[in-house]
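# Structural overview
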2 protein chains.
Amino acid sequence: MTVVRLLLAYDGTGFHGWARQPRVRTVQGVVEDALARFLGERPVLSVAGRTDAGVHAAGQVASFVWPAPVDVDRVQRALNGMLGPEVACLRATRAADGFDARRSATAREYVYRIHTGAAADPFRSRYEWHRPERLALAPMRAAARHLVGAHDFRSFCRLPPDGGATTRTLRTLSASAAGERLEIRAVADSFLHQMVRSLTGTLVAAGSGRLDPGEVPRILEARRRDAAAQMAPPHGLTLMRVRYRANG
Amino acid sequence: MTVVRLLLAYDGTGFHGWARQPRVRTVQGVVEDALARFLGERPVLSVAGRTDAGVHAAGQVASFVWPAPVDVDRVQRALNGMLGPEVACLRATRAADGFDARRSATAREYVYRIHTGAAADPFRSRYEWHRPERLALAPMRAAARHLVGAHDFRSFCRLPPDGGATTRTLRTLSASAAGERLEIRAVADSFLHQMVRSLTGTLVAAGSGRLDPGEVPRILEARRRDAAAQMAPPHGLTLMRVRYRANG
């Protein structure tokens, strides 16, 4: 039995997100189909971050279990040959027994990119939210300080369909700027559906002066999505990295 | 009478080049059409670099003469509103009488980007030539040294349709690398059609060992296009900057 671990990057623009769905093009769908052509049968991928439609990944991790030996270098070349340049397999390795891309992950790191210049940048517009308005960092950081930590993030997500828990530990939520570009970095054990885009929307509302950062605790306590600011669009978001234990 | 100067950036992927042509989408076509909606009548643009289909621009300069006063700030906002994010108007200014984006330009600067990593980069693949093979810089630079200066570049271009001169002064042709990325920078008073892509093709042939740099003078002397290596594809090329005299 072989556990194969894949490090993937993709431009999410042309996909209806990660998760396989009937009749629409998804990243899981095209990667599993490519693996099926290579292996002769379709594996089922486990993934660290189920990115939404239009969301990108620079360091997504997926894995699958295979009943026979697998030449991982050939897997990598085959995936890149079939899926490049939209999806890249940056690495394919054999993982320890029991490794599972989703369950073994200890943290996910996302970056949300915003461009505040007057004109959209033709070369980056697919990967950043163009919003030609100055954003003040101080209130964004003040809002973020209320959000870091263990909280019920029910106001900042789409509810889990299975009625699962909405408590998460947000380890990092930071905002930094360089010229007309602003980045929001979020790290958590795991994220709820649409959570980073919701947090970003609220930070942007604070940065533009529409929301007093002191209101954030009340938004958390409300546990109702309409208490939070409108969420940011998907194309500014990129899953940067997934962390595992040293032996993972 | 007003002379308006535009600084433009565009992703050339979706265009059949700069120059207006019937029945296809060109950058000149969409910019002139947008200006026509704003001004009430269509101006004719002069341009510094007539980029080919698929070639990008980060700092293209175009100009037009208008019989009435023009509010250049409104021109810029109107263009960005109608054309963004594919085409950006980075600046619109009133220029001195007699300024002409093409005739007044003293130099054009292009960059050709190559990525030599194993897998194509999903986020940059539209703007760089993915060529997963190591390229040696030393022979590329040796080949470039034979090309810099005033030469008849007939072997490195598509012949001008009007039988015009094919002599140009290439001021700079340099190759630099950072990790798996390589950039070729070319500066000249003006370039012939497909000239930067042809020069790049020959430098790449030298870098991959298929061409001895010592052969380059013979290629120049041949004055036949089939003497040179195959030209590089358009999407790796970007017009970076146009230079004018201090008062231009």
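Residue numbers run consecutively from 1 along every chain, following the written order of its sequence. As a convention, the first chain written is A and the first ligand written is 1, with the rest following in written order. Local features in this predicted model are restricted to residues whose pLDDT is 70 or higher, and side-chain atom pairs enter the listing and the counts only when it is 80 or higher, whereas totals over whole chains, interfaces and linings include all residues. Heavy atoms from the whole structure form the basis of all side-chain values; hydrogens and water molecules are not counted.

## Structural notes on the side chain of Gln194 of chain B
All names here are of chain B. Starting at the N terminus, helices and strands are each numbered in turn, a helix being any DSSP run of H or I of at least four residues and a strand any DSSP run of E of at least two. Along the chain, Gln194 falls in the loop between strand E9 (181-188) and helix H4 (195-207). Any residue under 20% of the maximum accessible area for its type is buried, any over 50% is exposed, and the rest in between are partly exposed; the area is computed with a 1.4 Å probe on protein chains only. By relative accessible area, Gln194 is classed as buried at 13%. A polar contact of 2.8 Å, which involves the side chain of Gln194, links it to the side chain of Arg225. In what follows, a contact means two residues having at least one pair of non-hydrogen atoms within 4.5 Å. Apart from residues no more than four positions distant in its own chain, Gln194 is found in contact with Asp52, Phe156, Arg158, Arg225 and Met231. Polar contacts, as counted here, are pairs of nitrogen or oxygen atoms within 3.5 Å of one another; within protein the pair requires one atom able to donate a hydrogen and one able to accept it, and residues that are adjacent in sequence qualify only if both atoms are side-chain atoms.

## What about the side chain of Arg108 of chain A?
All names here are of chain A. Along the chain, Arg108 falls in strand E5 (residues 105-115). Engagement of the side chain of Arg108 in a polar contact is seen with the backbone oxygen of Arg102, the distance being 3.3 Å. Aside from chain neighbours lying at most four places away, what touches Arg108 is Ala48, Arg102, Ala186, Val187, Ala188, Asp189, Ser190, Phe191, Leu239 and Arg241.

## Some thoughts on helix H3 (residues 137-147) of chain A
Those residues of H3 of chain A that sit buried are Met140, Ala142, Ala143, Ala144 and Leu147 of chain A. Of the residues one or two after H3 of chain A, Gly149 of chain A is the one with positive phi, at around 115°.

## Topic: the nonpolar core
Nonpolar cores were defined as sets of buried Ala, Val, Leu, Ile, Met, Phe, Trp, Tyr and Cys residues, with membership established by side-chain atoms within 4.5 Å. Residues Leu6, Val31 and Leu147 of chain A are the most contacted members of the largest nonpolar core, which totals 74 residues. When sequence neighbours within four positions are dropped, the list of residues in contact with Val31 of chain A reads Leu6, Leu8, Leu45, Leu79, Leu83 and Val87 of chain A. Membership of the second largest hydrophobic core comes to 73 residues, among which are Phe15, Val30, Ala175 and Ile219 of chain B.

## Some thoughts on the packing of aromatic side chains
Put simply, two rings from Phe, Tyr or Trp (the six-membered ring, in Trp's case) pair if the centres are within 6.5 Å, and we call them stacked under 30 degrees between planes, edge-to-face over 60, tilted for the rest. Summed over the entire model, instances satisfying the criterion amount to 14 aromatic pairs over all chains. Aromatic side chains Tyr112 of chain A and Trp129 of chain A sit 6.2 Å apart centroid to centroid with 80° between the ring planes, which places their arrangement in the edge-to-face category. Here Tyr112 of chain A is found in strand E5, whereas its partner Trp129 of chain A is found in strand E6 (residues 129-130), with 17 residues between them in sequence. As far as the burial class goes, Tyr112 of chain A and Trp129 of chain A line up, both buried. Measuring from centroid to centroid gives 5.2 Å for Tyr127 of chain A and Phe123 of chain B, while their planes differ by 90°, and the two rings are edge-to-face. Of this pair, Tyr127 of chain A sits in the loop between E5 and E6 while Phe123 of chain B sits in the loop between strand E5 (105-115) and strand E6 (129-130), on two different chains. By relative accessible area, Tyr127 of chain A is classed as buried at 10%.

## Concerning the relation of the copies chain B and chain A
Under the fitted operation, chain B is carried onto chain A by 0.0 Å of movement along the axis and a turn of 180°, and the coordinates agree to an RMSD of 0.0 Å. Accordingly, the operation relating the two chain copies is best matched by a two-fold axis. The superposition of copies rests on a least-squares fit of C-alpha positions from residues with pLDDT of 70 or more in both.

## With respect to the interface of chain B and chain A
A common measure of how large an interface is: the accessible area buried when the components associate. Contacts between chain B and chain A engage 20 residues on the former and 20 residues on the latter. Both faces considered, chain B and chain A share a buried interface measuring about 1400 Å² in area, 72% of it formed by carbon and sulfur atoms. What gets called buried area is simply the loss in accessible area from a 1.4 Å probe that two parts show on being joined, summed for both. Among the residues chain B hides against chain A, the three largest losses belong to Pro85, Pro122 and Phe123 of chain B. Together they make up 43% of the total. We define a salt bridge as a side-chain nitrogen of Lys or Arg found within 4 Å of a carboxyl oxygen belonging to Asp or Glu. Where chain B meets chain A, there are 0 salt bridges. Summed over the shared surface of chain B and chain A, the result is 0 residue pairs in polar contact (both at pLDDT 80 or more). Going through the elements one at a time, strand E1 (2-10), strand E3 (56-66) and strand E4 (87-95) of chain B are the ones with two or more residues in the side of chain B that touches chain A. Here the residues of the side of chain B that touches chain A sort into 13 nonpolar, 3 polar and 4 charged. Residues were grouped as follows: Ala, Val, Leu, Ile, Met, Phe, Trp, Tyr, Cys and Pro as nonpolar; Asp, Glu, Lys and Arg as charged; and all remaining residues, including Gly, as polar.

## Points about unusual backbone geometry
Residue and element names in this part refer to chain A. The omega torsion of the bond from Gly84 to Pro85 falls at 0°, within 30 degrees of zero and hence cis. Tracing the backbone shows Pro85 in the loop between helix H2 (72-83) and strand E4 (87-95). Of note, Gln194 is a non-glycine position whose phi angle comes to about 65°, a positive value.

## Brief notes about the pairing of E5 of chain B
Residues and elements named next belong to chain B. Judged by how many residues are buried, E5 sits mostly within the fold: 9 of 11 residues are covered. Pairing between strands requires that DSSP locate at least two bridges from one strand to the other. Of the strand pairs in this sheet, E5 and strand E10 (residues 237-244) are connected by 7 bridges, and their pairing is antiparallel. Within E10, the position partnered with Val111 by the bridge is Thr238. As judged from the 8 bridges shared by E5 and E9, these two strands associate in the antiparallel manner. By the bridge assignment, Ile114 is partnered in E9 with Leu182.

## Regarding helix H1 (residues 27-39) of chain B
Residue and element names in this part refer to chain B. Its 13 residues place the ends of H1 18 Å apart at the C-alpha level, agreeing with the 18 Å of an ideal helix rising 1.5 Å per residue. For H1, every residue scored as buried is listed here: Val27, Gln28, Gly29, Val30, Val31, Glu32, Ala34, Leu35 and Ala36. Buried-residue contacts for H1 involve E1, E3, helix H2 (72-83) and E4. Between the side-chain oxygen at the start of H1 and the backbone nitrogen of Gly29 there is a gap of 3.0 Å, and the oxygen is on Thr26. Multiplying one less than the number of residues by 1.5 Å gives the expected span of a helix.

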